[in-house]
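Residues per chain are reported as follows:
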Amino acid sequence: MNFEAVLRGNPRKIKKVVLGEKEISITDFIAVTNYDAMVEFDDIYTTRVTNSHNNLNEALLSSKKIYGVNTGLGDNWNKSIDLQVQNKLQKNILRSHAVAVGNPISYEETRAIMMMTLISLGRGFSGVSIETLESVKKLLNAKIYPFAPGEGSVGYLSIEAHIYRVMIGEGKVFENNQLVDCKEVLEEKGLKIPILKSKEGLALISGTMSVTAIALLATYSIYEDLKNIQIGSAMSIEGLKGSLNEFSDNVMNLKSHSEQAEAAINIKRMLAGSKNLEKNSDLRVQDALSIRTLPQMIGALNRVFKETLESVYEEMISVSDNPILMKEKGQMNVYMNGNFDASYVSLHMDYLVIAVTNFVNTIERITNRFLDTKLSGFPPFLVNSPGINNGLMIVHYTMAGLLNEMKLLTNPVNINNSSMSAEQEDVVTFAFLSSKKALTVSKKFKEIIAIWFFVCKGGLDFIESNELSPTIKKMVSVMEQTVPSVVEDRSFYDDLVKIKKLLNQGILINEIEEHIGEIKIDLNI
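Rules used in this analysis
Residues numbered from 1 in each chain as written. Predicted model: local features only at pLDDT ≥ 70, side-chain atom pairs only at ≥ 80, totals over all residues. Heavy atoms only, no water. Helix = DSSP H or I, 4+ residues; strand = E, 2+ residues; numbered from the N terminus. Expected span 1.5 Å × (residues − 1). Buried < 20%, exposed > 50% of the residue type's maximum accessible area, 1.4 Å probe, protein only. Arc of directions from axis to C-beta. Contact = heavy atoms within 4.5 Å. 1 Å grid on protein atoms, 1.4 Å probe; cavity = no way out; pocket = protein on both sides within 12 Å on 5 of 7 lines; lining within 4 Å. Points joined across faces, edges and corners; volume = space filled by probe spheres on them. Nonpolar A, V, L, I, M, F, W, Y, C, P; charged D, E, K, R; others polar. Pairing = 2+ DSSP bridges. Right-handed = clockwise from strand over helix to strand, strands pointing away. Polar contact = N/O pair within 3.5 Å; in protein donor to acceptor, adjacent residues only side chain to side chain. Core = buried A, V, L, I, M, F, W, Y, C linked by side-chain atoms within 4.5 Å. Salt bridge = Lys/Arg side-chain N within 4 Å of Asp/Glu carboxyl O. Axes fitted to C-alpha atoms, helices over the stretch in contact; angles between N-to-C directions. Parallel < 35°, antiparallel > 145°, perpendicular 65-115°, else oblique. Lys, Arg positive; Asp, Glu negative; His and termini not counted. Phe/Tyr/Trp six-rings, centres within 6.5 Å; stacked < 30°, edge-to-face > 60°.

## Describing helix 3 (residues 86-97)
Each full turn of the α-helix corresponds to 3.6 residues, which orients residues three or four apart in the same direction.
Turning to step 1, where the next piece is worked out: Under the 1.5 Å per step criterion, the end-to-end length of helix 3 is 17 Å for 12 residues, consistent within 8% with the ideal 16 Å.
Turning to step 2, where the next piece is worked out: Among all positions in helix 3, only Gln86, Leu89, Gln90, Ile93, Leu94 and His97 are buried. Taken down its axis, helix 3 places every buried residue within 140° of arc, on the same side.
Turning to step 3, where the next piece is worked out: Buried residues in helix 3 make contact with helix 2 (43-60), helix 6 (158-167) and helix 8 (200-205).

## Describing empty space enclosed by the protein
Turning to step 1, where the next piece is worked out: Taken as a whole and assessed by the stated rule, the structure comprises 4 cavities of 30 Å³ or more.
Turning to step 2, where the next piece is worked out: Considered as a void within the structure, the largest cavity measures approximately 100 Å³ in volume.
Turning to step 3, where the next piece is worked out: In terms of lining residues, the largest cavity is bounded by Leu19, Gly20, Lys22, Glu23, Ile24, Tyr45, Arg48, Leu118, Ile119, Arg123, Met316 and Ile317.
Turning to step 4, where the next piece is worked out: Taken together, the elements giving at least two residues each to the lining of the largest cavity come down to helix 2 and helix 4 (107-121).
Turning to step 5, where the next piece is worked out: When its residues are assigned to classes, the lining of the largest cavity shows 7 nonpolar, 1 polar and 4 charged.
Turning to step 6, where the next piece is worked out: Volume-wise, the second largest cavity comes out at about 60 Å³.
Turning to step 7, where the next piece is worked out: Lining of the second largest cavity is provided by Leu240, Gly242, Arg284, Asp287, Ala288, Ile291, Arg369 and Leu375.

## A short note on the pairing of strand 1 (residues 16-19)
Turning to step 1, where the next piece is worked out: Here strand 1 shows a clear split, with Val17 and Leu19 buried on one side and none of Lys16 and Val18 buried on the other.
Turning to step 2, where the next piece is worked out: In the sheet, strand 1 pairs with strand 2 (residues 38-41) via 4 bridges, with the strands oriented parallel. For Val18, the partnering residue across the bridge sits in strand 2 and is Glu40.
Turning to step 3, where the next piece is worked out: You can see the chain leave strand 1, run along helix 1 (residues 26-35) and come back into strand 2, and the turn it takes is right-handed.

## Some remarks on the side chain of Asn389
Turning to step 1, where the next piece is worked out: Structurally, Asn389 is set in the loop between helix 17 (373-376) and helix 18 (393-408).
Turning to step 2, where the next piece is worked out: Relative accessible area serves as the criterion here: at 11%, Asn389 is assigned to the buried category.
Turning to step 3, where the next piece is worked out: Only 3.4 Å separates the side chain of Asn389 from the backbone oxygen of Asn384, close enough to count as a polar contact.

## Overview of the nonpolar core
Turning to step 1, where the next piece is worked out: Membership of the largest hydrophobic core comes to 155 residues, with the highest contact counts inside it found for Ile26, Phe29, Met115 and Phe453.
Turning to step 2, where the next piece is worked out: When residues in this core are grouped by element, the largest group, 16 residues, is from helix 19 (residues 431-460).
Turning to step 3, where the next piece is worked out: If we ignore the near neighbours within four places in the chain, the residues touching Phe453 are Asn228, Ile231, Gly232, Met235, Met479, Ile499, Leu503 and Leu508.
Turning to step 4, where the next piece is worked out: Counting residues in each nonpolar core, the second largest holds 7 residues, with Leu56, Ala59, Val69 and Val334 among its members.

## Focus: the sheet that holds strand 6 (residues 172-175)
Turning to step 1, where the next piece is worked out: Strand order across the open sheet formed by 3 strands is 4-6-7, with antiparallel pairing between neighbours. Only two strands of the sheet have a single neighbouring strand rather than two, namely strand 4 (145-146) and strand 7 (178-181).
Turning to step 2, where the next piece is worked out: Bridge count between strand 4 and strand 6: 2 bridges; the pairing is antiparallel. Within strand 6, the position partnered with Tyr145 by the bridge is Phe174.

## A few points about the pattern of salt bridges
Turning to step 1, where the next piece is worked out: Under the counting rule described, the total for this entry stands at 25 salt bridges.
Turning to step 2, where the next piece is worked out: Between Lys437 and Asp350 there is a salt bridge, with its nearest N and O atoms 3.1 Å apart. Here the residue Lys437 occupies a position in helix 19, and Asp350 occupies one in helix 16 (residues 343-371), the gap between them amounting to 87 residues. Across the pair, exposure class does not vary: Lys437 and Asp350 are buried alike.
Turning to step 3, where the next piece is worked out: The salt bridge partner of Lys374 is Asp372, with a shortest N-O separation of 3.3 Å.
Turning to step 4, where the next piece is worked out: Within this structure, Arg95, Arg165 and Glu170 form a network of salt bridges that share partners.

## Considering the packing of helix 10 (residues 226-239) against helix 15 (residues 294-316)
When two helices pack together, their arrangement is given by the angle between the helix axes and the distance between those axes.
Turning to step 1, where the next piece is worked out: Across the interface, helix 10 lies against helix 15 with an axial gap of 11 Å and an inter-helix angle of 175°. Considering the angle they form, helix 10 stands roughly antiparallel to helix 15. For the pair formed by helix 10 and helix 15, the contact residues are Leu226, Ile229, Gln230, Ser233 and Ile237 on the first element and Leu294, Ile298, Leu301, Asn302 and Phe305 on the second.
Turning to step 2, where the next piece is worked out: Of the residues belonging to the contact of helix 10 with helix 15, the class tally is 7 nonpolar, 3 polar and no charged.

## Here we look at the side chain of Glu315
Turning to step 1, where the next piece is worked out: Assignment of secondary structure puts Glu315 in helix 15.
Turning to step 2, where the next piece is worked out: Nearest to the buried, unbridged Glu315 among oppositely charged side chains is Arg123, at 9.6 Å.
Turning to step 3, where the next piece is worked out: Setting aside anything within four residues of it in sequence, one finds Glu315 in contact with Thr208, Thr212, Ser320, Asn339, Tyr344 and Val345.

## Description of the packing of aromatic side chains
Turning to step 1, where the next piece is worked out: One pass over the full model with this rule turns up 12 aromatic pairs.
Turning to step 2, where the next piece is worked out: Taken together, a centroid distance of 6.2 Å and an interplanar angle of 65° make the contact between Phe359 and Trp452 edge-to-face. Taken as a pair, Phe359 in helix 16 and Trp452 in helix 19 lie far apart in primary sequence, 93 residues in all.
Turning to step 3, where the next piece is worked out: Judged by its relative accessible area of 1%, Phe359 is buried.
Turning to step 4, where the next piece is worked out: Where Phe370 meets Phe378, the ring centres are 6.3 Å apart and the plane angle is 10°; that geometry is what we call stacked.

## Considerations on the environment of Glu187
Turning to step 1, where the next piece is worked out: Of note, Glu187 is situated in helix 7 (residues 182-188).
Turning to step 2, where the next piece is worked out: Residue classification places Glu187 among the exposed residues on the basis of a relative accessible area of 62%.
Turning to step 3, where the next piece is worked out: Between the alpha carbons of Glu187 and Met332 there is a distance of 39 Å; along the sequence they are 145 residues apart.

Here it is, written out as structure tokens:
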């Protein structure tokens with residue numbers, strides 16, 4: 001599979017995403033969740049769903065027990081549900097499971113979960129009706145923001161139940177930053193409340209949909225910064241007068257990890273033509289590890305990212321519902337199964353959090369080297385007249401605080417277990433927590449990169465601009481337009497916000513790639 005294709009394009013420019021014949025990309029997914037692209041179904045999607053719903057109705061004509069349809073849930077699996085009250089069971093599932101607590105998940109997270117619902121249940125193995133999925137689609141396209149507390153999920157169920165109670169007219173939604181009864185909003189927007197049919201309440205809250213949805217947000221967020229960290233590395237080497245001899249192609253090729261060689265090539269391209277590095281090439285016998293091992297550290301992070309991308313995308317295009325219906329050789333078969341297990345995603349979310357935090361250790365040490373006058377040769381904390389001015393001393397504290405929060409989140413989630421439902425559900429992945437903490441780490445990562453770039457620019461401002469590589473000189477010039485050189489203390493918070501905006505909008509990446517061509521990152525394993 002070409003994993004570069006699943007991240008190709010700019011989600012800000014995508015206005016419509018069609019579900020059905022073609023697999024959508026992660027970029028398409030982000031266009032819907034983060035930038036409100038409209039969702040449509042093609043005829044193939046509608047046919048798949050309709051056939052699956054007919055399959056469920058056919059299966060119900062037999063005497064076969066179907067979990068959560070004509071039986072109870074969990075350890076109540078041995079309780080039969082009469083035909084006349086099977087639809088009531090589905091509504092009861094949403095009501096009884098909507099018991100999450102804490103702060104609500106974000107607008108983007110709720111959209112991600114609803115989008116994954118459409119992707120997963122639309123594959124045609126879940127038995128839901130097209131009318132119900134149309135209702136989910138209308139919630140998305142109307143930009144409805146359901147209230148869903150974000151704590152208390154073992155992997156799925158409760159948070160999704162809060163979201164879909166809104167669809168049946170029982171929950172609350174955010175309107176103009178206020179919580180209001182969903183019925184009022186649904187009526188205002190002309191959205192009809194569907195009648196849940198057999199299996200639909202269960203299908204809406206089961207599987208790996210929420211785990212995968214949040215994992216996709218986290219994965220894409222980190223993807224956005226893979227090029228930025230290579231730019232930051234080049235700035236760091238330029239500012240701290242590192243040696244490029246350590247990045248020799250011959251040296252890199254002695255290790256069989258292609259990602260580190262790729263990173264070294266990108267960094268050297270950005271630093272080509274640096275008079276500053278040329279005249280300081282013999283400054284040290286060897287650089288500190290935080291500088292010398294940048295290709296190796298970036299390479300290791302990129303490898304983990306690629307493996308995570310593969311796992312998360314495969315989960316995105318999979319069927320994770322339980323039970324599922326399949327017509328095989330004319331026979332209707334119902335499978336109670338374990339595809340709802342989210343270990344693939346959970347393990348890789350844990351892995352990605354560790355890899356990102358590991359690299360941030362390097363960023364923090366580089367930041368310290370810039371600020372320590374004994375190590376950098378620059379004025380203390382990158383400001384003239386230190387003492388009366390504190391300079392960038394305290395942004396380092398902020399970075400250290402963020403880093404140590406990230407370290408707390410590196411504790412693996414997937415090794416935990418609590419047996420529930422009278423031992424019927426005796427192994428639980430807690431995968432939602434893995435995805436949730438990965439998204440949290442991805443946000444802290446962006447804050448740390450902004451601080452890093454601010455400090456790098458502060459150091460580079462003390463080097464004659466004509467001594468810098470043409471690429472680094474251009475980038476410093478672009479940053480200077482938004483964040484001027486530090487002459488004396490000011491509100492540095494405002495500077496960090498501005499740099500973060502430059503990074504998030506990809507402005508610095510675009511400037512550099514116009515200058516030297518693409519910063520290449522091969523996403524295929």
